Amino acid sequence: MAETNPLKRVCVVGSGNWGSAIAKIVGQNVLAHEDVFEPEIFMYVYEEIVNGQKLTEIINSEHENVKYLPDIKLPPNVIAVPDVVKACMNADVLIFVLPHQFVKDTCLKMKSFIKPNPLGISLIKGFILTEGEGIQLVSKVISEILGIETAVLMGANLATEVASEMFCETTIACENDSYKGLLNALFETSYFRCKVIRNVSGVEACGALKNVVGIGAGIVDGLGYGDNTKAAVIRLGLMEMMKFTKVFLGNEDRSVFFESCGIADLVATCHGGRNRLLGEAVVKSMKDIRLLEKEILRGQSFQGPLIAKEIYAYLKENNMLDQFPLLVAVHRICTREVDPRNFIDCLRDHPEHM
Ligand SMILES: NC(=O)c1ccc[n+]([C@@H]2O[C@H](COP(=O)([O-])OP(=O)(O)OC[C@H]3O[C@@H](n4cnc5c(N)ncnc54)[C@H](O)[C@@H]3O)[C@@H](O)[C@H]2O)c1
Ligand SMILES: O=P(O)(O)OC[C@H](O)CO
C-alpha cells in the first residue's frame, strides 16, 4: 500500500508586499512545527523581469523580494515558483494573497490540479464584481471555484511593519473549529498575535471596506484638514462599514468591528496605508488614478478604488446610494466625477447627524 505523507505542504498564492511578508512568517513557522508541516513552502510569483533578471530567480538566490518587499530577508525554505499549477498541486494549505482582481483567473488555472481537500485561507481585502451576479466575498469565490473550505485572515497589518517584526494583532476567521490549532501554528509569532473567531463574512467585509474609508482619510489630509476631521472620517466610515455589512451580508454581529480586522485596521489604514496615500494624491494632482498608482507604488496596487467601484455598483442596483454618502463620495472622487473639495460637505451632511 502506498504510504501517505502526514506532513502538510503549504503554498502561498501571491508574492506582493503582503504576500512576501506573510511568506516570511509562514516559512519560519513551518520549520518551528516540523512534526506538522513539510519544511519547504512554495510561493507563487507572477513572473516579471526586475533589473534584467527573473524575479523568481532573484528571490531564490538572494532570498529577498527586491521589488515588493525590499530589504527584508525571506527564509531560504520559501521557494518562488512562477507556475501557479506547479506551486499549488501538492498543497494541503493554500494561502491566497493576491490583489482581488486576479483571484478568479488564478483559481480557474488551479482548479483541475489541486489535491482533494486543501484548506484555503484568504488574506485578500476586496470584493469580486461579476457581470450579472453582483458582488461576492473573495473567500466565497475561492470556495466555489475550487470546492474547498476557505478561512480568512485580516487585521491592522501594514506589510512592511509586519515584515520588520513590529508587534501587531490580526483576526483569523474560520467556521470549522478543528482548524484552530493549524491556523495558529501557521501564522502566530511573538510579534504577530492571532485571534481565531468564526465570523468569516464579517471579518472579510471589514478588510474590504476599510480600504475605501482609507482613501477618504487621505482626501482630508490632502485638503489640509487635521486630526479631528480624520477622526470624523474614521467614525462615519465605521458607521457605513457596519451598515453595509448588515445590508449586504445580513450580518448584524457588531463585535467583529472591535477586533483587529475592524477598528484597528481602519485606524492603521487611515494613517499609514497605501489607500490613504492615494486619497492625498487625488487632491493634489489631477492625474488618472492608474497613473498615480504606477508613480507612487511602482508595481504594488491600491485596492480601494476598485472596491469603491464594486460597492457603488451594489448600492446603485439596490437604490441605496444616499444611505452611504462617504463610500459613494470616495468612488465619485476617484473617478473625477466630483471635486475632492466637496468631500467635507458629505461629512457635514451625513445622515448620522440627522
Ligand atoms: N500590502 C499590505 O500592507 C497589505 C496588508 C494586508 C492585506 N493586504 C492585501 O493583500 C492583497 C495582496 O496585496 P499585496 O500587498 O501582497 O500586493 P501588492 O499590491 O504589493 O502587489 C501586487 C501583486 O500583484 C501581482 N500581479 C500583477 N499582475 C498579476 C496577475 N495578472 N496575476 C496575478 N498576480 C499579479 C504582482 O506580481 C504583485 O505580486 C490585497 O488584497 C491587499 O489589500 C495588503
Ligand atoms: O496599504 P493599504 O491601504 O493597502 O492597507 C494595507 C493593510 O490592509 C493594512 O492592514
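Residues numbered from 1 in each chain as written. Chains lettered and ligands numbered in written order. Predicted model: local features only at pLDDT ≥ 70, side-chain atom pairs only at ≥ 80, totals over all residues. Heavy atoms only, no water.

The name that an unreviewed UniProt entry assigns to the chain is Glycerol-3-phosphate dehydrogenase [NAD(+)], with the source organism given as Lymnaea stagnalis. We quote the UniProt Catalytic activity (unreviewed entry) comment for the chain here in full: "sn-glycerol 3-phosphate + NAD(+) = dihydroxyacetone phosphate + NADH + H(+)". UniProt, in the comment section headed Sequence similarities (unreviewed entry), describes the chain in these words: "Belongs to the NAD-dependent glycerol-3-phosphate dehydrogenase family." (UniProt positions renumbered as here; feature names shortened; annotations may be inferred.)

Some remarks on the UniProt feature "binding site: substrate" (unreviewed entry) in the chain
Per the UniProt record, "binding site: substrate" (unreviewed entry) is found at Lys125, Arg274 and Asn275. These annotated residues cover 151 residues of sequence, and their C-alpha atoms lie no more than 13.0 Å from one another, placing them together at a single site. Sequence-distant contacts of Lys125, defined by excluding residues within four places in its chain, comprise His100, Met154, Gly155, Gly207, Ala208, Lys210, Asn211, Asp265, Gln303 and Ile307. For Lys125, the side chain forms a polar contact with the main-chain oxygen of Gly155, separated by 3.0 Å. Looking at the element boundaries, Asn275 is found in helix α11 (residues 274–284). Taking the relative accessible area as the measure of exposure, Asn275 reaches 5% and is therefore buried. (Contact = heavy atoms within 4.5 Å. Polar contact = N/O pair within 3.5 Å; in protein donor to acceptor, adjacent residues only side chain to side chain. Helix = DSSP H or I, 4+ residues; strand = E, 2+ residues; numbered from the N terminus. Buried < 20%, exposed > 50% of the residue type's maximum accessible area, 1.4 Å probe, protein only.)

Concerning the packing of helix α9 (residues 227–249) against helix α13 (residues 304–317)
Across the interface, α9 lies against α13 with an axial gap of 12 Å and an inter-helix angle of 60°. Considering the angle they form, α9 stands oblique to α13. In this structure, α9 crosses over α13, and the sense of that crossing is left-handed. Where α9 abuts α13, its residues Phe244, Val247 and Phe248 lie against Ile311, Tyr314 and Leu315. (Axes fitted to C-alpha atoms, helices over the stretch in contact; angles between N-to-C directions. Parallel < 35°, antiparallel > 145°, perpendicular 65-115°, else oblique. Left-handed = near helix turned anticlockwise from the far one by under 90°.)

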